Number of protein chains: 2
Amino acid sequence: MTAQRLQEIALRFFADKGYDGTSLADIAGAIGIKKPSIYAHYSSKLDLFLAVADTALHDYRQSWRRALDKGEALPADRRLQSLFEEMGEHFLADRTKLAFWIRLWVFPPADCPAGVRDAFQTLTGEYLAEVAAVFRAGMEQGRLRPGPADDLAHALFSLLVGFLIRAHAYQDTDHLRLLRQTWDCFMFGIKTEDG
Amino acid sequence: MTAQRLQEIALRFFADKGYDGTSLADIAGAIGIKKPSIYAHYSSKLDLFLAVADTALHDYRQSWRRALDKGEALPADRRLQSLFEEMGEHFLADRTKLAFWIRLWVFPPADCPAGVRDAFQTLTGEYLAEVAAVFRAGMEQGRLRPGPADDLAHALFSLLVGFLIRAHAYQDTDHLRLLRQTWDCFMFGIKTEDG
DNA sequence: CCTAACCTACCTAACGTTAGTTAGTTTATC
DNA sequence: GATAAACTAACTAACGTTAGGTAGGTTAGG
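Student: I keep staring at the overall build of chain A and nothing clicks. Help me out?
Tutor: Of regular secondary structure, chain A possesses 8 helices and 0 strands. Mapped in sequence order, the helices and strands of chain A form the string α-α-α-α-α-α-α-α. Structurally, chain A occupies a C-alpha span of about 65 × 35 × 30 Å along its principal axes. The buried share among the 195 residues of chain A stands at 52%. A fraction of 67% describes how many contacts in chain A between residues 6 or more apart in sequence connect residues 24 or more apart. Accessible area of chain A: about 8,600 Å², with a carbon and sulfur share of 50%. When the 23 positive and 26 negative side-chain charges of chain A are each reduced to one mean point, those points stand 5 Å apart.

Now the structure itself:
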């Protein structure tokens, strides 16, 4: 299926050079067809982008849904850790996916309809709500310090995003070690008890 | 000075729509001159961009240099907090600056010469080294948990970046509260002592 | 069983627009 | 009157997009 291959290549280009920096000629050339042939499968450049973005959003939701389900039986603190690591590993496994995700969220193209941005925000909102619920459960169980669960969910998300951005910018290999290190700071703090 | 105004407007456009998404006609129109007149001040679009990027890099270095100097007398843990908050406030004070900074670091334009990216990396490397030194000092003073100082510096930087990205994406107002909340997580951890 | 119609996926050619850039000319300032 | 900074006009190249045509495979009718 050419439409599928177009999406794959388009994802790569959009992630790498951005929407404005990618030309249809680039995409067409990469799969060995000519530029106008793209229009047999997608009605416009934006249409192709939206198709790619749609699968990306789907993938994003699925990843944290799965991560949430996976640690369901764990105590709250371990579950948060699992969530954090699962999401980190998911995006670390595919650098192209990661770059596209960041671009779509942080710098969506000007042509991008508001609906797509809203979809992203809504998705992240749902995710944050779920994480906050885990925080609350952990506090009730006495395994987590009492505090504002919503803010803590945001803080954890910030940490994840910062880590992912760092992983995108620096291409070194020991990301997972740093991911765990980062988690430990969040979990135990950096301050000594008597400090 | 038109050259100055050009840089200011260009910064705004580059931050908002990206390098590829910005046309010289846009920039020229915004300050009330015609497109070719730009060439009286900058030899090309890339030249203008590099001028903007250069000031941005300068500003970036200056901000963390000042933040480091400011808390010099503080104990290590308070100094780290001061560093974190100062940097956060610095970028939060100017959203345009923030957006350009993120774009330059995370998604530099394809035309952007490697030297600029390297300059950014070097600067951040210096910053991380300074932060790591503060961590080490704090550990020697017994005010911070012993641990891998370089990794901890990276973790703190990730946290800052994540927070800034979040601030860029969500335009709500209580950023400073969330910044402090995020810091407290890092400082004290989220886990109870007996958890 | 043949053939006529149709569909899909590609092609070439070309469209109109806009991009960054250059050349040559005018205006204003010191 | 020289110099800097603006202008108009125009160039080339690239963009997304449309039109029209062709080859191959599938379907329907006599």
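Student: Just checking my understanding: could you explain the protein's contact with DNA strand C for this structure?
Tutor: Around DNA strand C, a shell composed of 14 residues is seen, among which K34, S37 and H41 of chain A together with Y39 and K45 of chain B lie nearest. When atoms of DNA strand C within 4 Å of the protein are split into backbone and base, the sugar-phosphate part holds 59%. T2 of chain A has a polar side-chain atom sitting 3.2 Å from a phosphate oxygen of DNA strand C. With respect to DNA strand C, the backbone of K34 of chain A contributes an N or O atom lying 2.6 Å from a phosphate oxygen. Looking at the surface near DNA strand C residue by residue, the class counts come to 5 nonpolar, 6 polar and 3 charged.

Student: What should I look at first to understand the packing of aromatic side chains in this one?
Tutor: One pair of aromatic rings is described through two measures. These are the centre distance and the angle between the planes. Summed over the entire model, instances satisfying the criterion amount to 34 aromatic pairs over all chains. Ring centres of F91 of chain B and W101 of chain B lie 4.5 Å apart, and the angle between their planes is 35°; this geometry places the pair in the tilted category. With a gap of 10 residues between them, F91 of chain B in helix α4 (residues 76-92) and W101 of chain B in helix α5 (residues 95-106) connect regions that are remote in the sequence. For the pair F91 of chain B and W101 of chain B, a shared accessibility class is recorded, and that class is buried. Following the ring pairs from residue to residue traces out a cluster consisting of Y60, W64, F91, W101, W105, F120, Y127 and F157 of chain A together with Y170 of chain B.

Student: Even after reading the chapter, I still don't get the side chain of R79 of chain A, so can you show me in this structure?
Tutor: Residues and elements named next belong to chain A. Along the chain, R79 turns up in helix α4 (residues 76-92). For the buried residue R79, which engages in no salt bridge, the nearest side chain bearing the opposite charge is E72, 5.0 Å off. Apart from the residues lying within four places of it in its own chain, the contact partners of R79 are L68, G71, E72, L74 and V134.

Student: Looking at this structure, I do not really get the packing of helix α1 (residues 2-21) of chain B against helix α2 (residues 24-31) of chain B. What am I missing?
Tutor: Angle between the axes and distance between the axes are the two parameters that describe a pair of packed helices. Residue and element names in this part refer to chain B. One can describe the packing of α1 onto α2 by two numbers: an axis separation of 9 Å at closest approach and a directional angle of 140°. Comparing the axis directions of α1 and α2 gives the class oblique. At the point where α1 passes α2, the crossing takes the right-handed sense. Residues T2, R5, L6, I9, A10, F13, F14, K17 and G21 of α1 pack against D26, I27, A30 and I31 of α2.

Student: Hey, could you run me through the side chain of T22 of chain A in this one?
Tutor: All names here are of chain A. Tracing the sequence through the fold places T22 in the loop between α1 (2-21) and α2 (24-31). Only 2.7 Å separates the side chain of T22 from the backbone oxygen of G18, close enough to count as a polar contact. Filtering out sequence-adjacent residues up to four positions away, T22 remains in contact with F13, F14, K17, I27 and K45.

Student: Explanation requested: the protein's contact with DNA strand D in the structure shown.
Tutor: Every one of the 14 residues lining DNA strand D counts as a neighbour, but Y39 and K45 of chain A together with K34, S37 and H41 of chain B are closest to it. By atom count, sugar and phosphate contribute 61% of the portion of DNA strand D lying within 4 Å of the protein. In this structure, a phosphate oxygen belonging to DNA strand D sits 3.3 Å away from a side-chain N or O atom of S23 of chain A. One nitrogen or oxygen atom from the side chain of Y39 of chain A is found 2.5 Å from a phosphate oxygen belonging to DNA strand D. In terms of residue class, the surface near DNA strand D is built from 5 nonpolar, 6 polar and 3 charged.

Student: Explanation requested: a negative patch on the surface in the structure shown.
Tutor: Among the surface-exposed residues, D20 and D111 of chain A together with D20 and D111 of chain B lie close enough to one another that they form a single negatively charged patch. With respect to the helices, strands and loops of the structure, D20 of chain A is situated in helix α1.

Parameters and conventions
Residues numbered from 1 in each chain as written. Chains lettered and ligands numbered in written order. Predicted model: local features only at pLDDT ≥ 70, side-chain atom pairs only at ≥ 80, totals over all residues. Heavy atoms only, no water. Helix = DSSP H or I, 4+ residues; strand = E, 2+ residues; numbered from the N terminus. Buried < 20%, exposed > 50% of the residue type's maximum accessible area, 1.4 Å probe, protein only. Contact = heavy atoms within 4.5 Å. Areas by Shrake-Rupley, 256 points an atom, 1.4 Å probe, with all protein chains shown as cover. Lys, Arg positive; Asp, Glu negative; His and termini not counted. Charge placed at Lys NZ, Arg CZ, Asp CG, Glu CD. Near = heavy atom within 4 Å. Polar contact = N/O pair within 3.5 Å; in protein donor to acceptor, adjacent residues only side chain to side chain. Nonpolar A, V, L, I, M, F, W, Y, C, P; charged D, E, K, R; others polar. Phe/Tyr/Trp six-rings, centres within 6.5 Å; stacked < 30°, edge-to-face > 60°. Salt bridge = Lys/Arg side-chain N within 4 Å of Asp/Glu carboxyl O. Axes fitted to C-alpha atoms, helices over the stretch in contact; angles between N-to-C directions. Parallel < 35°, antiparallel > 145°, perpendicular 65-115°, else oblique. Left-handed = near helix turned anticlockwise from the far one by under 90°. Patch = residues over 30% accessible without salt bridge, like charges linked within 9 Å, V, L, I, M, F, W, Y side chains within 5 Å.

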